[in-house]
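In case you want the letters, here they are:
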Amino acid sequence: MKQHVIVFLPAHNEEEAISEVIRNVPRYFHPDVFVEVLVVDDGSTDGTVRAAREAGADYIVSKPVNEGLGAAVRTALGECCKLGAHIGVMIDADNEYPADEIPDILLPIFEGKADYTMGSRFLGTIRGMKLHRRLGNYCFTLLQSLLLRKWIYDGQSGMRAFSRQAMEHGEIVHDYNYAQVLTLNLVRKGFRVQEVPITYKVRETGESFIKFRKYLFNVLPAIFREISRPVRQVPIDYEAHLLTSEKKCS
């Protein structure tokens, strides 16, 4: 049976960049993998939906108002499950993350070594990230590592992959952002996380709607809300997404 992979893009006013991201998504990198693209339009007021449709998005879910990145990712994970995806891959719609490296993000799941993977900019290469953003990433990632008692290099990455069980059980406790709370939630439930080096470049179009001050005052309370609530361990099927060893991803 083929593995059905849905690559999902949360998008808010990304008409200038989203087409290139969608066109760069590898569709045919393995004979036993079937890839589709889902866009969650988070209340865009520009031509994001039109650009996504013209670029070949298979599914588009539009929210009438901007609800936030956390809410968009929550919607995307639910839609992936409804559409029958075995694995979901998130990638930002701003073209900062390398869509052509999606097979690398998937490989640990296909090899049965992880249930949840994150593309790591700090294990790979970073071009153009400003100093204050680097420092912010370091601080939040360090906090996440301390809470999990597991070293993480890039806790804010916008490129991730989820097994079916991870999509079904992952919880995001606030709407503004998802990164820290989702990783905390999944690791505490017993899901295996692995970071994969990626190539990163700062966006050339549009503007990030994640602002440091707002991020600080929204995310910190959510982190402590997540870490303080009880969760149940999930019995995980470690062989659910194995591909035959004779057919390697390329």
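Here, the structure is the one placed above.
Here we summarise the structure given alongside this text. (Residues numbered from 1 in each chain as written. Predicted model: local features only at pLDDT ≥ 70, side-chain atom pairs only at ≥ 80, totals over all residues. Heavy atoms only, no water.)

The next thing to look at is the layout of surface pockets. By volume, the second largest pocket is sized at about 160 Å³. If you trace the second largest pocket, you find 13 residues lining it, with Asn95, Tyr97, Pro98, Asp100 and Lys201 closest to the centre. Mapped by element, the contributors of at least two residues to the lining of the second largest pocket are α1 (18-23) and β7 (193-201). The biggest single contributor to the lining of the second largest pocket is β7, with 3 residues. (1 Å grid on protein atoms, 1.4 Å probe; cavity = no way out; pocket = protein on both sides within 12 Å on 5 of 7 lines; lining within 4 Å. Points joined across faces, edges and corners; volume = space filled by probe spheres on them. Helix = DSSP H or I, 4+ residues; strand = E, 2+ residues; numbered from the N terminus.)

Okay, the nonpolar core next. Core analysis: the biggest nonpolar cluster contains 37 residues, and Phe8, Val73, Leu77, Phe162, Tyr178 and Leu182 have the highest contact counts within it. The leading source of residues in this core is helix α3 (residues 69-82), at 7 residues. When residues no more than four places from it in sequence are discounted, the contact partners of Leu182 are Leu77, Tyr116, Phe162, Gly170, Glu171 and Ile172. Core analysis: the second largest hydrophobic core is formed by 34 residues, Val33, Val35, Ile87 and Ile109 among them. (Core = buried A, V, L, I, M, F, W, Y, C linked by side-chain atoms within 4.5 Å. Buried < 20%, exposed > 50% of the residue type's maximum accessible area, 1.4 Å probe, protein only. Contact = heavy atoms within 4.5 Å.)

Quick look at the pattern of salt bridges now. Applying the stated rule across the entire model yields 14 salt bridges. The salt bridge involving Glu79 is made with Lys82; its shortest N-O contact spans 3.7 Å. One end of the pair, Glu79, and the other, Lys82, are both in helix α3, 3 residues apart, so they sit about a helical turn from each other. In this structure Lys82 comes out as exposed when scored by relative accessible area, which is 68%. The shortest N-O distance in the salt bridge between Arg229 and Glu171 comes to 3.3 Å. A residue pair is termed long-range when its members are at least 10 positions apart, and Arg229 in the segment after α8 (212-228) and Glu171 in the loop between α6 (164-169) and α7 (179-188) qualify at 58 residues. Residue class for Glu171 comes out partly exposed when judged on its relative accessible area of 33%. What emerges from the salt-bridge pattern is a single network uniting Glu171, Arg188, Lys189, Glu226 and Arg229. (Salt bridge = Lys/Arg side-chain N within 4 Å of Asp/Glu carboxyl O.)

Once that is clear, we can look at α7. Where burial is concerned, most of α7 is hidden: 10 out of the 10 residues are buried. Among all positions in α7, only Ala179, Gln180, Val181, Leu182, Thr183, Leu184, Asn185, Leu186, Val187 and Arg188 are buried. Following α7 by one or two positions, Gly190 has its phi on the positive side, about 100 degrees.

Turning our eyes to something else, we now look at unusual backbone geometry. As a rule of thumb, non-glycine residues mostly have phi less than zero, and peptide bonds are mostly trans rather than cis. The phi angle at Asn13 is positive, at roughly 55 degrees, despite the residue not being glycine. With respect to the element layout, Asn13 can be found in the loop between β1 (3-11) and α1. A positive phi angle is found at Asn95, which is not glycine, with a value near 70 degrees. Take Asn95: it is sitting in the loop between β4 (87-91) and α4 (102-110).

This brings us to a nonpolar patch on the surface. Side chains of Leu123, Leu142, Leu146, Trp151 and Tyr153 sit close together on the surface and give an oily, nonpolar patch of about 530 Å² of accessible area. Mapping Leu142 onto the fold places it in helix α5 (residues 131-148). When its relative accessible area of 41% is taken as the criterion, Leu142 is described as partly exposed. (Patch = residues over 30% accessible without salt bridge, like charges linked within 9 Å, V, L, I, M, F, W, Y side chains within 5 Å. Areas by Shrake-Rupley, 256 points an atom, 1.4 Å probe, with all protein chains shown as cover.)

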